[in-house]
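Chain by chain, the residues run as shown.
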Amino acid sequence: MRPIASKHLFVVPALALVLGAVPTVAHAGGGRTAGGGTEGSGKGSAKGPVITAETKVTTTVNGSSGTGGTSTLTPRNSNWTPPACWYEPAFSPKEIQATVKLWRGIDGVPFLGGVGKFVGDTLDAYYKDGKYKNYNLDKQGEGMFWAAVKNPNRKDDPEANSCDKPPFWVDEGDVPDEPLAVSPKILAEYAYDELPVPGTEIEMRPAGATKVNLPTWLWLDRARFKKISVTAGLPGTGLSATTTAEPVSLHIDPGTSDARTYPASGDCELNADGSIGEPYADGKANDTPPCGVTYLRSSGSDGSYPLRATVTWKISWTSTTGEGGDLPDGTFGATQDVKVQEIQSVNR
């Protein structure tokens, strides 16, 4: 029997290639006052009858576009993560209509004959002749279609695909009955993902290498470890939330059980001036450091111990609506190799 050849066999893989790229439209800003945004630009993509959008949420660090560091936090609560997706105002009635028109325009692409009509008919059955009538054009300026968007930091998270509702209408001034609709708390949680905390390379004395049974002093500069805030907001709506991270402690893991930490817990608390630990000063070689470690065994002539320093940050948030509270503490750590040598003595 001869194999059956048909151009329709190319439709599925070819459609997968264009689904996320073809429909590109301008869309309006939004927020809790759904129709009260300003015109902006963005991309909408459709997967079958479901149209998605790119978020319009913007962020600032400490009130400006600069950054305070390059590292991001890991929540101490392993069962909690910032949202991977949510719904926000994305399309006016005219823009939904334009998206359908764009889909119908792809039928000129080789091997995709009829695909645009198929998707266009599916969208029209919902937005023109089904749940909505004529794309809600008679309500232009009175509300917005809210669409699913992905957290740009979590696009590969499986949960990023859990916002699978097609764009839904929200009248101006209304708050949708949808748990994942953008809200001050969702903005605060998104800002958590954007917190640029500094790295945790600690100062230590002796530096580079230390000796067995010699207290090693560890500290962090207060100039680098201070509060940092990120504000996330929807332009044109007045809706924003500010998430603030404040360093509270440093945990020392010496990288071997043959060591003694100071304090014994390995947790060095934040000082009143914002620093952690105390810089070493001449004459303190035999003193017990407020934050430090004593290694009890050599790391070997060619070896070292992986000392890990992890800073815990306390997280809180406020918003323009007056809502606020705490979010799970975050941590960020880094590892430094510490060479530990035997104290050499000379016998006469």
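As the structure is a computational prediction, the values presented were derived from the model and not from experiment. (Residues numbered from 1 in each chain as written. Predicted model: local features only at pLDDT ≥ 70, side-chain atom pairs only at ≥ 80, totals over all residues. Heavy atoms only, no water.)

A.B. asks: Lay out the pairing of strand β6 (residues 143-150) in plain terms, naming residues and giving numbers.
C.D. replies: Counting buried residues in β6 gives 7 out of 8 residues, a clear majority hidden from the surface. In the sheet, strand β5 (residues 85-91) pairs with β6 via 6 bridges, with the strands oriented antiparallel. The residue of β6 that forms the bridge with Phe91 is Phe145. Across 4 bridges, β6 lies against strand β7 (residues 168-171) in antiparallel orientation. In the strand pairing of β7, Gly143 is matched with Asp171. (Buried < 20%, exposed > 50% of the residue type's maximum accessible area, 1.4 Å probe, protein only. Helix = DSSP H or I, 4+ residues; strand = E, 2+ residues; numbered from the N terminus. Pairing = 2+ DSSP bridges.)

A.B. asks: Describe the state of the cysteines, with residues and values.
C.D. replies: All chains considered together, the criterion is met by 2 disulfides. Here Cys268 pairs with Cys291 through a disulfide, and the sulfurs are 2.1 Å apart. Between Cys268 and Cys291, the S-S torsion sits near 85 degrees, and that sign places the bridge as right-handed. Of this pair, Cys268 sits in strand β14 (residues 267-269) while Cys291 sits in the loop between β15 (276-277) and β16 (292-295), and the two are 23 residues apart along the sequence. The two residues Cys268 and Cys291 agree in class, both being buried. Disulfide connectivity for the protein chain, with bonded cysteines indexed by sequence position, reads 1-2, 3-4. (Disulfide = S-S within 2.5 Å.)

A.B. asks: So what's going on with the confidence of the model for the protein chain? Residues and values would help.
C.D. replies: Close inspection of predicted coordinates is inappropriate in any region flagged by low pLDDT. Within the protein chain, residue pLDDT values average 82, and 80% of them lie at 70 or more. Across the protein chain, the element-wise mean pLDDT spans from 35 in helix α1 (residues 11-18) up to 97 in strand β13 (residues 259-262). (pLDDT = per-residue confidence, 0-100.)

A.B. asks: Residue-level account of the side chain of Arg154, with values.
C.D. replies: Structurally, Arg154 can be placed in the loop between β6 and β7. Taking the relative accessible area as the measure of exposure, Arg154 reaches 18% and is therefore buried. Side chain to side chain, Arg154 and Asp193 meet in a polar contact 2.7 Å long. Once you skip the residues sitting within four places of it in the chain, Arg154 turns out to touch Thr81, Pro82, Pro83, Ala84, Ala160 and Asp193. (Polar contact = N/O pair within 3.5 Å; in protein donor to acceptor, adjacent residues only side chain to side chain. Contact = heavy atoms within 4.5 Å.)

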